[in-house]
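Remarks on the overall topology
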Amino acid sequence: MSLARRWLDPIRSRWFFNRPYRQRHLSSRNGITVYLRFDDAYSYLLVQLLPQLEELLVDRLKPLKIVMCTQTSPPPNGMSTQAWQQYMLDDAAALAMQHRFVFDVNDTVRASLPNPALMQQASDILKTSPLQDSDYLHLLQDIFHMLWQNQQGKLNTLHHMATRRPVLTSVAHTAVPQSLSIRFADEAIASGFLLFGGRHYRAIDDFLRLTRRLKQQKLLNNEPIFLINHIEWGEHLVNDPESLNDVQALHARLDIYLALEDPISWLILAYIKRELVDYYNISLNVHPLPYQGRDEFDWGLIARLSRRTETSIAPFCRPTQAATLNLARLLYAVDEEQRAEILLDLLKCIWCKGLDASFAPHVQRLTAMVQESAVAPLTAVDPAQALAWLDANQAICDAYQQPDLPVMVLQIGEQKQVFNSLYRVWRIESLLVEALEES
């Protein structure tokens, strides 16, 4: 790490986190724009929320602007198209089960995405429909249901009515809502999202964050009630002693594949250890990955996550590639059962105390700390050994075909569930409760 970065990062982060927190007021001048794709499962879930959202909006934000995109962005994280589609369908099914969306998960639907010919029919229907505002959103929702449930007969009927409807006067052309609330764009998007005040809100992951922002800016005319089964940070689904004992008796195992230089790894790992591991008697195992280049990040996202998880993360001293290798060598030298605890201690020194794992004096302090905590004397670890270990972890992580890090693998008995990123930490508790109900 450069001398300038070593000095400036802690100063910058202290200023960023210690300043009085005041949420920025986002401009509502352009309203809310919703970007969707017919063949995107997340868009299918999102359209089920749009009629209720528009009903709650103040008049100046109505109607919602809809952009139907026709192109797909390349799959994330180097995934194949087939692997990404299967992940998307499985993840959408998990979201639907948690939040009670309509999402048919039978084998026929999951085998393929909506038929291109049916999607073209859906486009024709939406382009020619005279419906407006909430009626149009309900039509949009029905169209998605027909596409994803392969209701070809209903689509054929609607398409026939839409394309054969007589145009009596030129006024009929002005009734088409295409120029008012919907447009079709030859744009590529990864998945559905909402745009408000210049900020992107992912469907479904950021939907509650958007509604909280709208409520704060007094842009809703009533109390928003969405995703009522959402599990908030710090919330425990199991509270009574008898059920808690039953969950603890499951002896669940959680394996986490993470990037050592990623601050989100520290926040999530610290949260899981504090709130879930001991509470639910989970066996936690960490598997560090080779340097991923994730030491450039969204400061706003880190600040929000730090506040929500109540985990400190200032000042920063972002690990470089050399630093991650030094951390890996220390972890490799200790017993596997100790690695989670040791890693938490190391990451706390880096993200909360400003130690630089590429700076020799700081490395000596970290080594002494690990030696003091280790149950056995540390042995010298060759860099090649540590790299081989990291590469082996990467190979296992890649085999899980996940779009983001950290990758989490929860094993309860013979059942194994794989999920990823800070947006799916809630699945740990939901899966434990599900296993408890099935036992």
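Now for a quick tour of the structure. Residue positions are given per chain, counting from 1 as you read along its sequence in written order. Local features in this predicted model are restricted to residues of pLDDT 70 or higher, and side-chain atom pairs are both shown and tallied only at a pLDDT of 80 or more, whereas totals for entire chains, interfaces and linings draw on every residue. The side-chain values count all of the structure's non-hydrogen atoms but skip hydrogen atoms and water molecules.

Some words on the side chain of Lys273
Checked against the element boundaries, Lys273 lands in helix 12 (residues 263–280). Burial status follows relative accessibility: with a 1.4 Å probe on protein chains alone, a residue under 20% of its type maximum counts as buried, one over 50% as exposed, and anything between as partly exposed. On the accessibility criterion, Lys273 (18% relative accessible area) is buried. For the purposes of these results, a polar contact is taken to be a pair of N or O atoms within 3.5 Å, where, inside protein, one atom must be able to donate a hydrogen and its partner to accept one; residues adjacent in sequence count only when each atom of the pair is a side-chain atom. Within polar-contact distance, the side chain of Lys273 engages the side chain of Glu341 at 3.3 Å. In this analysis, two residues are considered to be in contact whenever any of their non-hydrogen atoms come within 4.5 Å of each other. With near-sequence residues (within four places) excluded, Lys273 lies in contact with Asp278, Leu284, Glu341 and Leu344. The helix and strand labels rest on DSSP assignments: H or I over at least four residues marks a helix, E over at least two residues marks a strand, and numbering proceeds from the N terminus.

Some points on the pairing of strand 9 (residues 415–420)
Strands are labelled as partners when DSSP assigns at least two bridges between them. Taken together, the six bridges between strand 8 (residues 407–412) and strand 9 define a ladder with antiparallel strand orientation. Its bridge partner lying in strand 9, Leu410 is registered against Gln417. Hairpin connection, strand 8 to strand 9: the antiparallel pair is bridged by two residues, and Gly413 has positive phi, about 65°.

A look at the packing of helix 4 (residues 81–99) against helix 18 (residues 426–438)
Lines fitted to C-alpha atoms define the axes here, with helix axes fitted over just the stretch in contact, and angles between the N-to-C directions of these axes take values from 0 to 180 degrees. For the pair helix 4 and helix 18, interaxial distance at closest approach is 12 Å and the crossing angle is 65°. What the angle tells us is that helix 4 and helix 18 run roughly perpendicular. For the element pair helix 4 and helix 18, the recorded crossing hand is left-handed. Only Trp426, Arg427, Ser430 and Glu434 of helix 18 make contact with helix 4, whose side of the interface consists of Ala94, Leu95, Met97 and Gln98. Residues were grouped as follows: Ala, Val, Leu, Ile, Met, Phe, Trp, Tyr, Cys and Pro as nonpolar; Asp, Glu, Lys and Arg as charged; and all remaining residues, including Gly, as polar. Considered class by class, the residues forming the contact of helix 4 with helix 18 number four nonpolar, two polar and two charged. Oblique is the label for every angle not falling under 35 degrees (roughly parallel), over 145 degrees (roughly antiparallel), or within 65 to 115 degrees (roughly perpendicular). Two helices cross in a left-handed way if the nearer one is turned anticlockwise from the farther one by less than a right angle. They cross in a right-handed way if the turn is clockwise.

Some details on the environment of Pro383
Of note, Pro383 is situated in helix 17 (residues 383–399). By relative accessible area, which is 30% here, Pro383 ends up partly exposed. Separated by 57 residues in sequence, Pro383 and Asn326 place their C-alpha atoms 8.3 Å apart. Once you skip the residues sitting within four places of it in the chain, Pro383 turns out to touch Leu325 and Arg329.

Concerning the nonpolar core
Counting 68 residues, the largest nonpolar core has Leu254, Trp266, Leu269, Ile272 and Ile428 as the members making the most contacts within it. Top element by residues in this core is helix 12. It accounts for eleven residues. Side-chain atoms within 4.5 Å link the members of a nonpolar core, which is a set of buried Ala, Val, Leu, Ile, Met, Phe, Trp, Tyr and Cys residues. Judged by nonpolar contacts, the second largest core, of 66 residues, contains Tyr44, Leu113, Leu118 and Ile182.

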